[in-house]
Structure formats: C-alpha cells, structure tokens
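Letter by letter, the chains look like this.
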Amino acid sequence: MPITYEHIKTCKQTGARLGRVHTPHGSFDTPMFMPVGTLATVKTMSPEELEEMGAKIILSNTYHLWLRPGEDIVEEAGGLHKFMNWDGAILTDSGGFQVFSLSDLRDIEEQGVHFRNHISGEKLFLSPEKAIQIQNSLGSDIMMAFDECPPYPASHDYMKASVERTSRWAERCLAAHKRPEEQGLFGIVQGGEYEELRRQSARDLTSLDFSGYAVGGLSVGEPKDVMNKVLEFTTPLLPTNKPRYLMGVGSPDSLIDGAIRGIDMFDCVLPTRVARNGTCMTSNGRLVVRNAKYARDFGPLDENCGCHVCRNYSRAYIRHLIKANETFGFRLTTYHNLYFLLELMMQVREAIKEDRLGDFREEFFEQYGFNKP
Ligand SMILES: CNc1nc2cc3c(=O)[nH]c(N)nc3c(CCO)c2[nH]1
Ligand SMILES: [Zn+2]
C-alpha cells in the first residue's frame with residue numbers, strides 16, 4: 001500500500017484527530033495543509049523555500065499539466081517530482097473541477113466530459129480512464145478519482161444523477177489505475193448538501209478499495225455553516241484508518257473547523273492567490289499591506305510570526321514592492337502566508353495533543369477577528 005494512515009489520537013474536546021500519513025515521498029503529521037502548485041510550481045516559491053517553511057506535500061493538477069506542457073514531457077523527465085525538483089509528496093487533482101471552473105463548451109456525459117481547451121480553444125475530451133492515465137504518467141503519490149463537482153446550489157434530482165455517475169466513474173478509475181502499488185488513489189465523496197446523497201456517495205465509494213477519501217463539492221460558494229453541517233454528517237461515514245481530505249479549503253477559520261470535524265488534509269489557493277494582491281494573513285487578522293497606512297510602518301507583517309520574512313523585512317518595504325509590482329514583494333507575501341497556514345496547522349496539532357482544540361479555536365477566532373460581527 002503506497003499510502004497508509006496512522007491514527008495517533010482524537011482530541012477529547014472535539015472530533016479532531018492527530019495522525020500521520022505515509023507516502024513513497026515522505027510522511028507528514030495531520031491535520032496538514034497542502035500548498036497548491038497547479039502548473040508544477042507553487043507560484044513564486046522554490047522547492048527549497050517550501051522545504052524550509054515545513055511544507056511536506058503539495059497539490060498539482062491533471063488538467064493543467066495535460067494541456068501544458070503535456071504529461072508525456074513530464075513522464076520523459078522522470079515524473080513530476082524530478083521535473084519540478086520537489087522530493088516531498090505530491091497529490092494531483094483529477095481535472096474534473098478544473099474543466100468546470102476554467103473551460104466553456106462543457107458537455108458532460110456517461111463516458112466523460114467534452115470541453116474546450118481554455119488556452120488554445122481546441123475541443124477536448126476527458127474521461128476517468130484518461131484522467132488516471134495522465135496521473136500515472138505524472139507519477140504523483142496520491143491521485144484523485146475523476147469526479148463531477150456540481151455547481152452550488154444544485155437540485156436534488158441533478159445531484160442524485162451526478163453522484164451516481166461519479167460513483168460509476170470511481171469504479172472505472174480503480175480499473176484504469178496502472179500502478180496501485182506505487183501511487184495511492186483517493187475517492188471523492190459528493191452529494192452537495194443532501195444528507196442521503198452524501199450517504200449514498202460514501203457507501204458507494206467506501207465499498208471500493210481507495211487509499212483515502214476526499215469530501216468534494218464544498219467550498220463552491222455555500223455558506224460556512226452549510227459546509228460545517230455537511231462535514232458533520234459526512235466525515236463519520238468515512239473509514240477511520242484512512243486519510244480524509246477536504247478539497248479547496250481554505251481560510252484559517254475553515255481549516256480549524258474542518259479539523260474539528262475530523263478532516264486530516266486540506267488544500268487551497270487562497271494564501272498564494274491573496275498574497276499576489278498584497279493581502280497577508282496575520283495572527284491579528286487580514287493585513288492589506290498595500291494600504292497607505294503602512295507606508296512608514298517599519299515593523300514586521302506579523303510580530304508573532306517567526307518566518308524569515310517577518311524577521312528581515314518591514315511592512316513599509318513590502319508595501320513599496322507590491323505597489324511597484326516587484327516580483328520580490330509577491331515572493332515575500334506568499335512565503336509568509338504559506339508559513340502562517342503551516343504554522344497554524346502545527347498549533348492545531350499541538351492543541352489536539354493537549355485536548356484543547358475547542359479552546360484554541362475560541363482564542364484564535366478572537367485574536368484574528370472572526371468573532372467580530
Ligand atoms: C476552491 N474550492 C474547491 N472546491 C473543490 C471541490 C472539488 C471537488 O469536488 N472535486 C475535485 N476533483 N476537486 C475539487 C476542488 C479542486 C481542488 O482543490 C475544489 N476546490
Ligand atoms: Zn511571517
């Protein structure tokens with residue numbers, strides 16, 4: 001089994017669990033956040049910097065790498081780890097979500113999805129078998145099943161038909177997997193906000209031998225209390241001896257609330273995306289460093305942060321770089337935001353160890369300003 005999960009303990013104050021995931025490219029403690037490296041790079045970061053900040057696993061993308069440079073080139077390079085010089089773990093998403101979020105002319109049918117390449121405009125077709133073949137070529141440690149992430153909101157009828165097709169696609173993914181002893185494959189539970197459809201999806205997928213399970217179909221515009229409700233009735237349906245991954249999440253509050261509801265792995269473009277417009281996550285809340293009020297502020301982005309950015313560069317300097325559209329400014333805000341979330345996950349793990357994640361949530365929300373009306 002290329003991917004195994006070791007449960008260490010469950011927090012006595014919440015449903016959060018401390019664990020460890022073992023992959024062919026290293027192990028990592030959970031709950032854990034995965035920086036997103038869609039095009040085989042976590043934008044503006046070097047692999048050395050990712051390693052230095054404590055990143056253990058990053059996410060990349062079937063759809064994007066198939067279109068550019070092509071999975072054949074990555075395979076010829078010796079796989080994605082070698083191609084991008086990253087020897088930590090890599091999880092690749094399967095492409096379904098990106099087809100729906102990036103391209104037009106989408107036509108979904110039993111065989112797969114017809115769509116237009118968002119770069120060249122040519123018509124393409126992605127199927128469960130093709131999505132698995134691409135990920136086999138990329139050589140990621142964890143592959144994702146090809147699924148449909150329905151839009152929010154979706155009717156019960158649409159969602160039921162979609163869940164049943166995603167379950168049929170999941171079986172086709174397992175059958176198409178060429179190297180199950182080298183690469184793990186996670187199933188993705190769908191069903192929107194409908195409890196009986198989440199149950200149906202989880203029943204279908206946990207009856208198949210996946211290495212881990214993702215909760216999909218969330219962080220697609222639904223209110224946070226809907227996401228939390230869905231997690232409360234979905235994560236208990238997943239096996240306790242395999243990793244649970246909440247896709248596309250997220251913000252600091254959602255990471256904590258997801259961990260409390262039994263999630264082990266998260267990914268989100270938020271920290272890297274907002275960094276590139278000069279928004280930083282700090283222990284005292286969001287800080288938009290491009291604001292004029294920081295022009296003469298020679299303090300660090302976050303006085304409670306130990307990262308090399310906060311130890312060596314001022315808000316005034318970073319503001320100047322961002323305003324001047326200097327790449328180095330984006331590198332500094334990106335490094336700090338990723339470090340902040342990785343550090344937050346470390347604090348969450350410590351709180352689980354000490355059975356006080358509920359207390360930690362209150363303290364963090366108060367200081368970050370999540371409780372402000
Ligand atoms: C930003 N929100 C988000 N929700 C997601 C939901 C899904 C989903 O349901 N399926 C798949 N395959 N990927 C998803 C992704 C991309 C990875 O972050 C999502 N991303
Ligand atoms: Zn910092």
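One can find the structure itself at the top, above this paragraph.
In short, a report on the structure. From a predicted model like this one, the values you see are computed outputs, not experimental measurements.

1. A look at the overall build of the protein chain
Piece 1. Each helix and strand in the protein chain was counted, giving 15 helices and 16 strands.
Piece 2. In summary, the protein chain has a C-alpha radius of gyration of 20 Å against a globular reference of 21 Å for 373 residues, a match within 12%.
Piece 3. Here the protein chain holds 373 residues, and 58% of them are scored as buried.
Piece 4. At a minimum sequence separation of 6, the contacts of the protein chain that also span at least 24 residues come to 65%.
Piece 5. Accessible surface, the protein chain: about 15000 Å² in total, of which carbon and sulfur atoms supply 50%.
Piece 6. Of the charged side chains in the protein chain, 42 are positive and 50 negative; the average position of the first set lies 4 Å away from that of the second.

2. Regarding the packing of aromatic side chains
Piece 1. Taken as a whole and assessed by the stated rule, the structure comprises 14 aromatic pairs.
Piece 2. Consider the rings of Phe-146 and Trp-169, whose centres lie 5.0 Å apart with planes at 35°: the pair is tilted. Of the two residues, Phe-146 sits in the loop between strand E10 (142–144) and helix H7 (156–176) while Trp-169 sits in helix H7, which places them 23 residues apart along the sequence. Neither residue differs from the other here; Phe-146 and Trp-169 are each classed as buried.
Piece 3. A cation over an aromatic ring shows up here: Arg-361 above the ring of Phe-365, its NZ or CZ 4.0 Å from the ring centre.

3. Quick word on the coordination of the zinc ion (ligand 2)
Piece 1. Protein-derived coordination of the zinc ion (ligand 2) comes from Cys-305 (SG), Cys-307 (SG), Cys-310 (SG) and His-336 (ND1), at a distance range of 2.1 to 2.3 Å.
Piece 2. For the zinc ion (ligand 2), the four donor atoms in the first shell make angles of 100 to 119° at the metal, so the coordination geometry reads as tetrahedral.
Piece 3. All donors of the zinc ion (ligand 2) come from a single chain, and their spacing in sequence reads C-x1-C-x2-C-x25-H. Of this pair, Cys-310 sits in helix H12 (residues 308–312) while His-336 sits in helix H14 (residues 327–353), and the two are 26 residues apart along the sequence. Considered together, Cys-310 and His-336 belong to a single accessibility category, that of buried residues.

4. Re the sheet that holds strand E5 (residues 57–61)
Piece 1. The parallel open sheet is built from eight strands, whose spatial order is E4-E14-E13-E12-E11-E10-E6-E5. Strands with a single pairing partner mark the edges of an open sheet, and in this sheet they are strand E4 (32–34) and E5. With direction set aside, neighbouring strand axes in the sheet form an average angle of 25°.
Piece 2. Strand contacts of H14: E4 and strand E14 (265–267), with the helix running at about 160° to E4, the strand carrying the most contacts.

Procedures and definitions
- Residues numbered from 1 in each chain as written.
- Chains lettered and ligands numbered in written order.
- Predicted model: local features only at pLDDT ≥ 70, side-chain atom pairs only at ≥ 80, totals over all residues.
- Heavy atoms only, no water.
- Helix = DSSP H or I, 4+ residues; strand = E, 2+ residues; numbered from the N terminus.
- Rg over C-alpha atoms; globule rule 2.2 N^0.38 Å.
- Buried < 20%, exposed > 50% of the residue type's maximum accessible area, 1.4 Å probe, protein only.
- Contact = heavy atoms within 4.5 Å.
- Areas by Shrake-Rupley, 256 points an atom, 1.4 Å probe, with all protein chains shown as cover.
- Lys, Arg positive; Asp, Glu negative; His and termini not counted.
- Charge placed at Lys NZ, Arg CZ, Asp CG, Glu CD.
- Phe/Tyr/Trp six-rings, centres within 6.5 Å; stacked < 30°, edge-to-face > 60°.
- Lys NZ or Arg CZ within 6 Å of the ring centre and 35° of its normal.
- Donors = N, O, S within 2.8 Å, 3.2 Å for Na, K, Ca; no water.
- Tetrahedral: all angles 85-135°; square planar, octahedral: opposite > 155°, others 65-115°.
- Pairing = 2+ DSSP bridges.
- Axes fitted to C-alpha atoms, helices over the stretch in contact; angles between N-to-C directions.

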